[in-house]
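What follows is each chain in one-letter form.
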Amino acid sequence: MALRAWVQALTPLALRRKPAYPWAMADPLSPADALALLEWQIELGADEAIGDAPVNRYEDPAAPPENLPEPAPVAEPPPAPHVMRAPDGDVAVAEARRLAAGAPDLATLRQAMEAYPHCELRHAARNFVFSDGRPGARVMILGEAPGRDEDLQGKPFVGRAGQLLDKMFAAIGMGRAQDGDNALYIANILPWRPPQNRDPTPAEMAMMLPFVKRHVELAAPEVLVPMGNISCQGILGRRGITRLRGQWTEALGKPVLPMFHPAYLLRNPIMKREAWGDLQELRTRLRDG
Ligand code: URA
């Protein structure tokens, strides 16, 4: 039925209807009011009639007949045979492990991650963000996830937090464009930007972790520097960066020195003093180690 015909069919009903909302027009509706009402429905998106006969949805439902017989008890269905079915999360993690283990080098790992279909974040992100800097650098920085600028450019740590990170490491003579002992390698726990920069869910973290582990193996740094809580959660299984930062620990077979995330330092510049202490600790370890 064409929409115009539907409007015409409904008009007599609208004329008889009782006001249902406080702002409803008083009865009786003029044909012009009824038409305006129906056109308002069209504006709300109703663009199709779903039945040939108009239904008066404002009519009081018929009163239920009294003294209805008690409904017959419904028999319990027999218990279903137990079926072992891996939840989707397990399938996603198993697939990530398989792909990560099968990547013999960083280029293959990058391709496998980029094509990995199970992480929903990929659909909202503009770009896949893998890494920057020198693979094989003595220090590998692990951030959380790309933000807006990183998502636009497809590179980790290129926004304001990234500029601060560059300045922090430049202060100890290191950088992503440097070579040899002064080189840095930079990646994130997640390669896609979470919408509105929300925290990743445990399921997203779990499915991307096998890739992070393989990434660390293939980049082969001497030392890992996770920045912020999400990265610590990812590789150490612990949060609480205020207590973790500056304390050497171990994960993925590497010495690990957690540090404040540069975005946190932008919001809390007073903590830069602690971050400077952590950088000096790192420099001492690299010099002596
Ligand atoms: N914050 C991160 O943790 N990583 C980035 O790449 C950018 C901002």
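Residues numbered from 1 in each chain as written. Predicted model: local features only at pLDDT ≥ 70, side-chain atom pairs only at ≥ 80, totals over all residues. Heavy atoms only, no water.

A. Structural view of the site of the ligand. Taken together, the residues surrounding the ligand are Gly-143, Glu-144, Ala-145, Pro-146, Glu-150, Pro-156, Phe-157, Asn-188 and His-261. Here an oxygen atom of the ligand sits 2.7 Å away from a polar atom, N or O, in the main chain of Glu-144. One nitrogen or oxygen atom from the main chain of Ala-145 is found 3.1 Å from a nitrogen atom belonging to the ligand. Summarising the interface, the protein chains cover 92% of the accessible area of the ligand, which totals 240 Å² for the free molecule. (Near = heavy atom within 4 Å. Polar contact = N/O pair within 3.5 Å; in protein donor to acceptor, adjacent residues only side chain to side chain. Areas by Shrake-Rupley, 256 points an atom, 1.4 Å probe, with all protein chains shown as cover.)

B. The arrangement of the packing of aromatic side chains in detail. Taken as a whole, this structure holds 4 aromatic pairs when the rule is applied. Aromatic pair Phe-128 and Trp-192: ring centres 5.7 Å apart, planes at 55°, arrangement tilted. Residue Phe-128 is found in the loop between helix H5 (121–124) and strand S1 (131–133), and its partner Trp-192 is found in the loop between strand S3 (184–188) and helix H8 (202–219); the two are separated by 64 residues along the sequence. For the pair Phe-128 and Trp-192, a shared accessibility class is recorded, and that class is buried. Pairwise contacts between aromatic rings join Phe-128, Phe-130 and Trp-192 into one cluster. In this structure, Arg-285 is placed above the aromatic ring of Trp-248, and the distance from its NZ or CZ to the ring centre is 4.3 Å. (Phe/Tyr/Trp six-rings, centres within 6.5 Å; stacked < 30°, edge-to-face > 60°. Helix = DSSP H or I, 4+ residues; strand = E, 2+ residues; numbered from the N terminus. Buried < 20%, exposed > 50% of the residue type's maximum accessible area, 1.4 Å probe, protein only. Lys NZ or Arg CZ within 6 Å of the ring centre and 35° of its normal.)

C. How the structure looks around unusual backbone geometry. The phi torsion at Asn-197 lies on the positive side, around 55°, for a residue other than glycine. The exposure class of Asn-197 is partly exposed, given its relative accessible area of 45%. Here the phi dihedral of Ala-220 falls at roughly 50°; this positive angle occurs in a residue that is not glycine. Note that Ala-220 resides in the loop between H8 and strand S4 (223–226).

D. Here's a closer look at the environment of Met-168. Mapped onto the elements, Met-168 comes out in helix H7 (residues 160–170). Relative accessible area serves as the criterion here: at 8%, Met-168 is assigned to the buried category. Residues Met-168 and Trp-276, spaced 108 residues apart in sequence, show a C-alpha to C-alpha distance of 7.7 Å.

E. Seen up close, the confidence of the model for the protein. In this model, the protein carries a mean pLDDT of 85, and residues with pLDDT of at least 70 account for 71%. Within the model, pLDDT remains below 50 along residues 17–26, and this stretch shows 16 contacts once partners closer than five positions in the same chain are excluded. (pLDDT = per-residue confidence, 0-100. Contact = heavy atoms within 4.5 Å.)

F. Region of interest: the pairing of strand S2 (residues 139–143). By the criterion of burial, S2 is predominantly enclosed, with 5 of the 5 residues buried. Neither face of S2 is open: one carries Val-139, Ile-141 and Gly-143, the other Met-140 and Leu-142, and all of them are buried. The pairing of S2 with S3 spans 5 bridges and is parallel. Bridged to Ile-141 within S3 is Ile-186. In terms of strand pairing, S2 meets S4 through 4 bridges, oriented parallel. Its bridge partner being in S4, Val-139 is matched across the sheet by Val-223. (Pairing = 2+ DSSP bridges.)

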